[in-house]
Amino acid sequence: MEQTQLNWITGYIWGIADDVLRDLYVRGKYRDVILPTIVLRRFDAVLEDSKQAVLDMKVSLDDAEVVHQDQALRQAAGQAFYNTSKFTLRDLKARASQQQLKADFEAYLDGFSPNVQDILENFEFRNQISRLSKADALGTLIEKLTSPDINLSPDPVLNSDGSIKHPGLDNHGMGTIFEELVRRFNEENNEEAGEHWTPRDAVRLMAKLIFLPIADEIESGTYLMYDGACGTGGMLTVAEQTLQQLANERGKEVSTHLYGQEINAETYAIAKADLLLKGEGDAADNIIGGPEYSTLSNDAFPSRDFDFMLSNPPYGKSWKSDLERMGGKKDMQDHRFLIQHNGDPEYSLVTRSNDGQMLFLVNMLSKMKKDTKLGSRIAEVHNGSSLFTGDAGQGESNIRRWIIENDWLEAIVALPLNMFYNTGIATYIWVLTNRKPEHRKGKVQLIDATQWYKPLRKNLGKKNCELSEEDISRICDSFLAFEETEQSKIFNNEAFGYWKVKVERPLRLVGIDPDRVYKAKEIKELKETTDRAENAPPMIKKIYKKGTEPNFIRGLFETTIDGKPAVVEYEPDPDLRDTEQIPLMEEGGIETFIKREVLPYAPDAWFVESSIKIGYEISFNKHFYKPQPMRNLEEIRADILALEKETEGLLDEILGKDPK
């Protein structure tokens, strides 16, 4: 079916909402009725031809007392779903009373297969039936959806002379209409759209970033795709289409299996319905969701690995309830988030409880294929906090360290601002793989695509721009070229790492004995009663055995006690304590940095070796920010003079005085 016809059908359905629901629902709630009824009408139209075969099979199975009937009924229907009630929607248009229509309609719903029941339950559609019935709108709604003016059936509608009045609507066309309706409803509710709907331009870019680098290595076969926060399922279907297209262009035959998990009930229902509408019954069965299925605390696919993974997890959203279900930070046993790394058998990837977005990335990394030629490729959208939030040793930093030290991070792309429906914050696409090509090994590419976009003619909430096909191509070309340009920077992995080091200075108290060791109790009392002074002697905490080598930069100082040389450790002054963040690529390491940056200003300072922690953070501003040049004095003076001339006589005019 041509795009113009698809657009007409979408507009017709959109008009039904205003015609039937205007006085019953506020505009933002139209979707609660329209989306599930469109799903029902399509299912009904697809099942019309096999209706009698399904009813006959149902009778046979009941007579034979067969308990598990699902597979046999699917075969009779020729679809991944079926309906065993005696009604079709056309049968329900004319009824003597609304009460009878309501009862028959509910019986019709009860006849659907379990996978459709799951969709209806998560749409909470049965909650709408009484309201529609009382307002005498249920029959009108059914009548409009089954009108001869619109065809949602795969079979064409013919004129009396046998010519085609309305062409048949194939599964792909129906899926396109359904996705467009979802998009429109999300735009109507743009304050929540971004939670469950990623703009298609961003999805197309993500799919290309995953597939283009390995397009020539794709072999005929089966590939598994996964989205741990699948929303309405758009990422999976766009990725599937992209892979199929690239494979076909290269003469390869590939099949794909889609897997997804979604916690929002209605969004999950949309995703599952969309796949069924497209004729992808097996894929629909692999979409798991509902409020009890949080990806973080209830992984639906714990034993599966995937070839390609895409996701747009929630940003800045608390996962405290998940954390509690998982035993809290102290008793966490989930092997996705408590791992072995760099000799640490309990290396924690657990982030702050007020933002779990990076844990969705960890979840996907735990599902990478390790024994295939292509391994796994991942694209995930994050906001800026994933780049730098979390101190060395904390969950977010540990995740970045784990990723980069395993050499999984290929690139991060900074997207234009205001691209998403409900937020104007900066967003970034992370691209990862466990099969980096040779020229990328040990390297990370940062791409600044913030200025590559096309403005929208009309804002959609905060969304005011999109990526054109030219913009997507420009980003992908920059990614594939892997060259240094104004918008593309390439770094060694270590460039993002640093040592966090505690730097101490001695406690100096007026009147203390510089030749004796003070006990902890004495130190505490003296701190409270004695003044500090820069010229006071340092307080000795410990005297080391004879033969200990002095190393003042590590806190082992050489001094004289009772006229004899000794090596001592001083009591640190907590008020003078500081930390230094030292790049891993610092030539000469920590000691060289301390000697150059600290000792010239604090000659008695030392660093605490046991305090050293390794952290990683990524700063786009550091590498791409271009400060605006300051204006010169002549330009400023000219502006002031122009302003004075413009306002000359204005005050007199306001006060009613004669400027003469």
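See the structure shown above.
Residues numbered from 1 in each chain as written. Predicted model: local features only at pLDDT ≥ 70, side-chain atom pairs only at ≥ 80, totals over all residues. Heavy atoms only, no water.

Mind showing me how you'd approach helix 4 (residues 70–77) here?
Side chains of residues three or four places apart in an α-helix project in the same direction, reflecting 3.6 residues per turn. Along helix 4, the residues that are buried comprise Leu73, Arg74, Ala76 and Ala77. Here the buried residues of helix 4 occupy an arc of 160° about the axis, which is enough to place them on one side. Of the surrounding elements, those touching the buried residues of helix 4 are helix 2 (31–47), helix 3 (51–63), helix 6 (114–123) and helix 14 (281–285). Positive phi appears at Gly78, one or two residues downstream of helix 4, with a value of about 70°. (Buried < 20%, exposed > 50% of the residue type's maximum accessible area, 1.4 Å probe, protein only. Helix = DSSP H or I, 4+ residues; strand = E, 2+ residues; numbered from the N terminus. Arc of directions from axis to C-beta. Contact = heavy atoms within 4.5 Å.)

Teacher, can you tell me more about the sheet that holds strand 5 (residues 287–289) here?
What the nine strands build is an open sheet, ordered 5-4-3-6-9-11-10-12-15; its pairing is mixed. Two strands in the sheet have a free side with no partner beyond their single neighbour: strand 5 and strand 15 (488–492). Averaged over neighbouring strand pairs, the angle between their axes works out to 15° when direction is ignored. As paired strands, strand 3 (residues 221–227) and strand 6 (residues 308–311) are joined by two bridges and run parallel to one another. (Pairing = 2+ DSSP bridges. Axes fitted to C-alpha atoms, helices over the stretch in contact; angles between N-to-C directions.)

How should a nonpolar patch on the surface be read in this particular structure?
Taken together, the side chains of Leu633, Ile636 and Ile640 define a hydrophobic patch exposed on the protein surface, amounting to about 290 Å² of accessible area. Along the chain, Ile636 falls in helix 23 (residues 633–647). By relative accessible area, which is 31% here, Ile636 ends up partly exposed. (Patch = residues over 30% accessible without salt bridge, like charges linked within 9 Å, V, L, I, M, F, W, Y side chains within 5 Å. Areas by Shrake-Rupley, 256 points an atom, 1.4 Å probe, with all protein chains shown as cover. Salt bridge = Lys/Arg side-chain N within 4 Å of Asp/Glu carboxyl O.)

Please explain the packing of aromatic side chains as it appears in this structure.
Note on aromatic pairs: each is described by the distance of the centres and the angle between the planes. Inspection of every chain in the model, using the stated rule, returns 19 aromatic pairs. Between Tyr226 and Phe306, the ring centres sit 4.7 Å apart and the planes meet at 15°, which makes this aromatic pair stacked. Separated by 80 residues along the polypeptide, Tyr226 in strand 3 and Phe306 in the loop between strand 5 and strand 6 bring together distant segments of the chain. According to the relative accessible area criterion, Phe306 is buried, its value standing at 0%. One aromatic cluster in this structure is built from Phe43, Phe81, Phe105, Tyr108, Phe112 and Phe125. Residue placement shows Arg131 over the ring face of Tyr25; its charged tip is 4.1 Å from the ring centre. The side chain of Lys367 reaches across the aromatic face of Tyr226, ending 5.8 Å from its centre. (Phe/Tyr/Trp six-rings, centres within 6.5 Å; stacked < 30°, edge-to-face > 60°. Lys NZ or Arg CZ within 6 Å of the ring centre and 35° of its normal.)

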